[in-house]
Amino acid sequence: MDDFENNTTVFSALRSLNNFISLEGVSAPDTPGSSRSAFQIQYQQRVQMEEQAGQIHSKSQLLQVEREKMQMELSHKRARIELEKAANTNARNYEREADRNRELLTRIKQYQERETEAENKLKEQMEMSKCYKKSMETMSKKLQEKESKLAEANETITVLKGKISELQWSKMNQEMQMTSQDSQKQELMEQLDVQHKKWQEACQQIQMLQANQSHLAEYEQKIKDLEQKLSQQEHDALIVKNMKTELARLPKMERELRQLKEENAYFREMKENNGLLKEEVEGLQRKLERFEKVQAQLATVELENEKLLGKLKSWEKVDQSTGLNIRTPDDLSRQIVALQQRELTLKEQNSTITSSARILEKARVQLQEDIIRIQSQLLEEKKKREQHEALVRRLQKRVLLLTKERDGMRAILESYDSELTPSEHSPQLNRRMREAEEMVQKLHAHNTELEAQLSQVLEEVGNHKQRAEMLEVEMKVLKSQECTAEQSTIITKEEIDTLRQKIEELEAERSKLEEQNRSLEMKLEKLTVQGDYDPSKTKVLHFSMNPASLAMQQRKEEHQQLQEAYERLRETVRVLEGGGSIPENLEGLGSLQSSQEIAELKKQVESAELKNQRLKEVFQTKIQEFRKVCYTLTGYQIDITTENQYRLTSIYAEHQGDCLLFKASSSSGRKMQLLENEFSRTIRELIELHLLQQDSIPAFLSALTLDLFSRQTIA
Amino acid sequence: MAKQVGRDQQGITLRGSAEIVAEFFSYGINSILYQRGIYPPETFTRVQKYGLTLLITTDPELKNYLNNVVEQMKEWLYKCIVQRLVVVISSIENNEVLERWQFDIECDKTAKDENEPREKSQKVIQDEIRSVIRQITATVTFLPLLEIACAFDLLIYTDKDLAVPEKWEESGPQFIANSEEVRLRSFTTTIHKVNSTVAYKKDSFP
């Protein structure tokens, strides 16, 4: 620490010296004397300071040394104490060792005894070993035998290996055959396809042939037609030949014709004559016919005459037999007419009678009603008469009673008159008499009245009876008429029936019409609700520029525009599909660009695909190379059997199936697990050592490689 | 518009009646167009009328069209020659009529010759109109949904002897082939009576 300080001082002194020197270099010409003196002073100061520092330094060193000395003394004391302690412990140890020595000596003695025992045992053992050696020899002999056997077995193994190799060879061959057969099969399949194609072609050809055959048939038919035509033509030729011959004969014919014409003229003249003659003949024939007809008519007329004569005679006979004034048919016809007229008149009468009958029928009905009425009246009258008769009887009785009373009264009065003096009582009696006489007269009058009434009633009864008789008579008449009138009544009944039917029909119709009317009214109401109107009275107006029509128009325009655009686009699409260049009028630039773009894009795609393929090839070759390198360097072929599972096959594997299966527990492949299989079971030791204890797969694999390698080299 | 009638609070004149009915049509048609979604809802604005919050269109073209029709309606109502107003809603795609809102108008033609106003208070009429418009709003619950783009047209049934004015033309009645009808409420100003009906296309799959 102090040295370091010193160094700094030296350095600082040096620096100050240098500074001084440089200063001196610069400022020397200005002030040499003053500067030098200052430096000297400075130097002296420094020297002094250094001396002081040295003193202080030495002092501190001294102090330190003293302190060290103190420490040393202390340590020395300590060491001495420790050494004493150590001496004590050593002395104790020495005692202990001496004890142990003694013990050990005793033990040695014991061991010596044991040794002797062991030597004895050894001798026994030697003997035993000799026995064993003997047995060993026998065993070796056996072993030799076994070894010879083993050699034989090895031989057989080699033979078997050879067989195995042969079998492998044969298997390889079979595989080769299989592949060759596969290829053959493919070839055959190709051939089959070819055959198929050929077959299809053949089918097509067959179809063609069929078509040709049909054509052939048509042609044959045509040929036949043509042959027919040919024969016809031959016919025609024959005809033509004939015609030619006829033509050759023509001049002759013409000559003949001339002759014939002359003859013809002659004949014409003759014909005219002939015609005249014929006309004459015809006239004569007609006359003849007429005569013949007349003759025939004559005969018939004669026949008729005879018949008529016969008829006349018969008529005359009729005239004689009937006595009527019928001499001639005219008379008869006249008579018939008269009879018809009579019939007509009778018919008229009949009709009038029937009508009257109808009227009478009606009258009869009325009369019947009248009769009923009258009978009821008659009954009433009869009742009345009976009543009247009863009254009359009563009145007669009363009259009798009254007369008796009167007689009685008279007798009483007479008795009174006789008994009493007439002078006293005469006025009184006279008055009574008078009263009584008056009463009698009244009764008489009443009686006569009643009698008159009775006679009246009787008369009435008589009248009624008469009327009843009259009506009965009428009834009879009407009944007789009824028979005749029944028919008419039937007719009227029918009429009534028909009329009733009509009425019913009309009623039904009326109800139907009413229903219709109602339904129509309902409909009308519904229609008015739906907005119907009477076009004769009403008309419907709307604003011509209404929103609906405007919307429709707009829509139409849009539609049209879209249609146009669609047409244009379709045109372009058609052109593009055709593969031709786009015509200039159809928005040439845009579509052209697009086609160019397409071409460019296609090129890009192609190049990209090519690149991809090349990369694939490169990768494949690289991968193959990498795998091979891995195999040769590590001695393991690594295959991926399934996802996350790897199969390792050693280069030194004894059998082809000997492989190790590893499974990656995570997708990154950081942790691998060995899966158990037949091969891994045979190398359990390696697994235990390297995987379970050391936890290192590479070490395990290397150990396995070494193991297998050593085994193979030994073999 | 109703204020012209308001000068005589107690009575209804022919002109006032025509005004009321035409105004009702204006608001009714707007309501139908909004409720049935013929025009987008954002083109409608809220207005207080008949004690209800009603929506009327802000689309200038539609507004113009409606004003034209309603003014013409008013004139015809005044002349008592209009029988019916129909709002036809049809599909734009195939022009098929899907809905018909029919307002039958019964005119009391004797009112033409009368000078005295009828006795019916403004408030009662407004109440009636309010219930009709409420019903129009409520019909949305049972009318089938209009799934395709639709447009509307206004048909006016008038007397036969009417001369067709300019910009107007005769039209067909535009029936619905297979329709279901529902009668709505009616209201009357004592001169004009308006019966409302809606007919709509029956669903082919009941």
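Residues numbered from 1 in each chain as written. Chains lettered and ligands numbered in written order. Predicted model: local features only at pLDDT ≥ 70, side-chain atom pairs only at ≥ 80, totals over all residues. Heavy atoms only, no water.

The name an unreviewed UniProt entry assigns to chain B is Mitotic spindle assembly checkpoint protein MAD2A, from the organism Melopsittacus undulatus. In its Sequence similarities (unreviewed entry) section, the UniProt entry covering chain B states "Belongs to the MAD2 family." Under the Subcellular location (unreviewed entry) heading, UniProt states for chain B: "Nucleus". (UniProt positions renumbered as here; feature names shortened; annotations may be inferred.)

If you check an unreviewed UniProt entry, chain A appears there as Mitotic spindle assembly checkpoint protein MAD1 from Melopsittacus undulatus. Entered under Sequence similarities (unreviewed entry) in the UniProt record, the comment concerning chain A runs "Belongs to the MAD1 family."

A. Spatial organisation of the overall build of chain A. The number of helices and strands found in chain A is 10 helices and 5 strands. Out of the 715 residues in chain A, the part that is buried amounts to 10%. Summarising the internal contacts of chain A: among those between residues at least 6 apart in sequence, 36% fall at separations of at least 24. Of the roughly 62600 Å² of accessible surface on chain A, a fraction of 56% belongs to carbon and sulfur atoms. (Helix = DSSP H or I, 4+ residues; strand = E, 2+ residues; numbered from the N terminus. Buried < 20%, exposed > 50% of the residue type's maximum accessible area, 1.4 Å probe, protein only. Contact = heavy atoms within 4.5 Å. Areas by Shrake-Rupley, 256 points an atom, 1.4 Å probe, with all protein chains shown as cover.)

B. Structural context of the packing of helix α2 (residues 14-35) of chain B against helix α4 (residues 122-138) of chain B. Residues and elements named next belong to chain B. Where α2 contacts α4, the axes come no closer than 10 Å and their chain directions differ by 20°. With respect to their mutual orientation, α2 and α4 come out roughly parallel. Considering the relative orientation of α2 and α4, their crossing is right-handed. Listed contacts from α4 to Ile-20, Phe-24, Tyr-27, Ser-31, Ile-32 and Gln-35 of α2 are Gln-122, Ile-125, Ile-129, Val-132, Ile-133, Ile-136 and Thr-137. Counted by class, the contact of α2 with α4 contains 9 nonpolar, 4 polar and no charged residues. (Axes fitted to C-alpha atoms, helices over the stretch in contact; angles between N-to-C directions. Parallel < 35°, antiparallel > 145°, perpendicular 65-115°, else oblique. Left-handed = near helix turned anticlockwise from the far one by under 90°. Nonpolar A, V, L, I, M, F, W, Y, C, P; charged D, E, K, R; others polar.)

C. Inspection of the packing of α2 of chain B against helix α3 (residues 60-79) of chain B at higher detail. Residues and elements named next belong to chain B. At their nearest, the axes of α2 and α3 sit 9 Å apart, and the two run at 150° to each other. One way to sum up the angle between α2 and α3 is to call them roughly antiparallel. Crossing geometry of α2 relative to α3 is assigned as right-handed. In this structure, α2 contributes Leu-14, Arg-15, Ala-18, Glu-19, Val-21, Ala-22, Phe-25, Ser-26, Ile-29, Asn-30 and Leu-33 to the contact, and α3 contributes Leu-62, Leu-66, Val-70, Met-73, Lys-74, Leu-77 and Tyr-78.

D. The arrangement of the confidence of the model for chain A in detail. All names here are of chain A. For chain A, per-residue confidence averages 85 on the pLDDT scale, and residues scoring 70 or more make up 90% of the total. Looking across chain A, the model is least confident in helix α1 (residues 2-27), with a mean pLDDT of 64, and most confident in helix α2 (residues 32-248), with 92. Below a pLDDT of 50 lies the segment residues 586-590, which in the model reaches 6 contacts outside its immediate sequence neighbourhood of four places, other chains included. (pLDDT = per-residue confidence, 0-100.)

E. The sheet that holds strand β2 (residues 636-640) of chain A, seen in detail. Residues and elements named next belong to chain A. Reading across the sheet, the 4 strands line up as β2-β3-β4-β5 and stay open at both edges, with antiparallel pairing between neighbours. Taken across any chain shown, the strands that pair with only one partner, and hence form the sheet edges, are β2 and β5 (672-675). Taking each pair of neighbouring strands and ignoring which way they run, the sheet shows an average axis angle of 30°. By the bridge criterion, 4 bridges tie strand β3 (residues 645-650) to strand β4 (residues 660-664) in an arrangement that is antiparallel. From the neighbouring strand, Arg-647 faces β4, where its bridge partner is Leu-661. (Pairing = 2+ DSSP bridges.)

F. Spotlight on a positive patch on the surface. On the surface, Arg-249, Lys-252, Arg-255, Arg-258 and Lys-261 of chain A cluster together into a patch of positive charge. Within the fold, Lys-252 of chain A resides in helix α3 (residues 250-322). (Patch = residues over 30% accessible without salt bridge, like charges linked within 9 Å, V, L, I, M, F, W, Y side chains within 5 Å. Salt bridge = Lys/Arg side-chain N within 4 Å of Asp/Glu carboxyl O. Lys, Arg positive; Asp, Glu negative; His and termini not counted. Charge placed at Lys NZ, Arg CZ, Asp CG, Glu CD.)

G. Highlighting the interface of chain A and chain B. Taken residue by residue, the interface counts 25 residues in chain A and 38 residues in chain B. Summing both sides of the interface, chain A and chain B together bury roughly 2900 Å²; the carbon and sulfur share of this comes to 57%. Sorting the residues of chain A by area buried against chain B places Lys-539, Leu-541 and Phe-543 of chain A first, and these three jointly supply 27% of that buried surface. Applying the counting rule to chain A against chain B returns 0 salt bridges. Residue assignment for the side of chain A that touches chain B shows that the elements contributing at least two residues are α5 (422-530), β1 (538-543) and α6 (547-578) of chain A. Element by element, the count of residues in the side of chain A that touches chain B is highest for β1 of chain A, at 6 residues. Tallied by class, residues from the side of chain A that touches chain B come to 11 nonpolar, 8 polar and 6 charged. Bridge count between β1 of chain A and strand β7 (residues 150-159) of chain B: 5 bridges; the pairing is antiparallel. Opposite Thr-538 of chain A, over in β7 of chain B, you have Asp-159 of chain B as the bridge partner. (Buried area = accessible area lost by both parts, 1.4 Å probe.)

H. Structural detail: unusual backbone geometry. Residue and element names in this part refer to chain B. For Cys-80, which is not glycine, the phi dihedral falls at a positive 60°. Secondary-structure assignment places Cys-80 in the loop between α3 and β4 (82-91). Residue class for Cys-80 comes out buried when judged on its relative accessible area of 2%. Phi is positive for Thr-190, which is not a glycine, with a value near 75°. Position of Thr-190 relative to the elements: it lies in the loop between β9 (179-188) and β10 (192-201). For Thr-190, a relative accessible area of 26% corresponds to the partly exposed category.

I. Main features of the pattern of salt bridges. Residue and element names in this part refer to chain B. Across all of its chains, the model carries 27 salt bridges over all chains by this definition. Ionic pairing is found between Lys-74 and Glu-71, a salt bridge with its closest N-O pair at 3.2 Å. Of this pair, Lys-74 and Glu-71 are both found in helix α3, 3 residues apart, which corresponds to roughly one turn of the helix. Between Arg-84 and Asp-104 there is a salt bridge, with its nearest N and O atoms 2.6 Å apart. In this pair, Arg-84 is assigned in strand β4 and Asp-104 in strand β5 (residues 97-107), connecting sequence segments 20 residues apart. Classification of Arg-84 by relative accessible area gives buried; the value is 9%.

J. Main features of the sheet that holds β10 of chain B. Read across the sheet, 7 strands follow the order β8(B)-β1(A)-β7(B)-β4(B)-β5(B)-β10(B)-β9(B) without closing on themselves; strand pairing throughout is antiparallel. Two strands in the sheet have a free side with no partner beyond their single neighbour: β8 (168-170) and β9 of chain B. Taken over all neighbouring pairs, the strand axes of this sheet differ in orientation by 25° on average, direction set aside. Both β4 of chain B and β7 of chain B contribute to a ladder of 9 bridges, which runs antiparallel. Following the sheet pairing, Ser-90 of chain B is matched in β7 of chain B by Ala-151 of chain B.

K. View of the packing of aromatic side chains. Residue and element names in this part refer to chain A. This model, assessed by the stated rule, comprises 13 aromatic pairs over all chains. Between Phe-39 and Tyr-43, the ring centres sit 6.3 Å apart and the planes meet at 25°, which makes this aromatic pair stacked. In this pair, Phe-39 and Tyr-43 are both assigned in helix α2, 4 residues apart and thus about one turn of the helix distant. Residue Tyr-43 is classed as exposed on the basis of its relative accessible area of 53%. (Phe/Tyr/Trp six-rings, centres within 6.5 Å; stacked < 30°, edge-to-face > 60°.)

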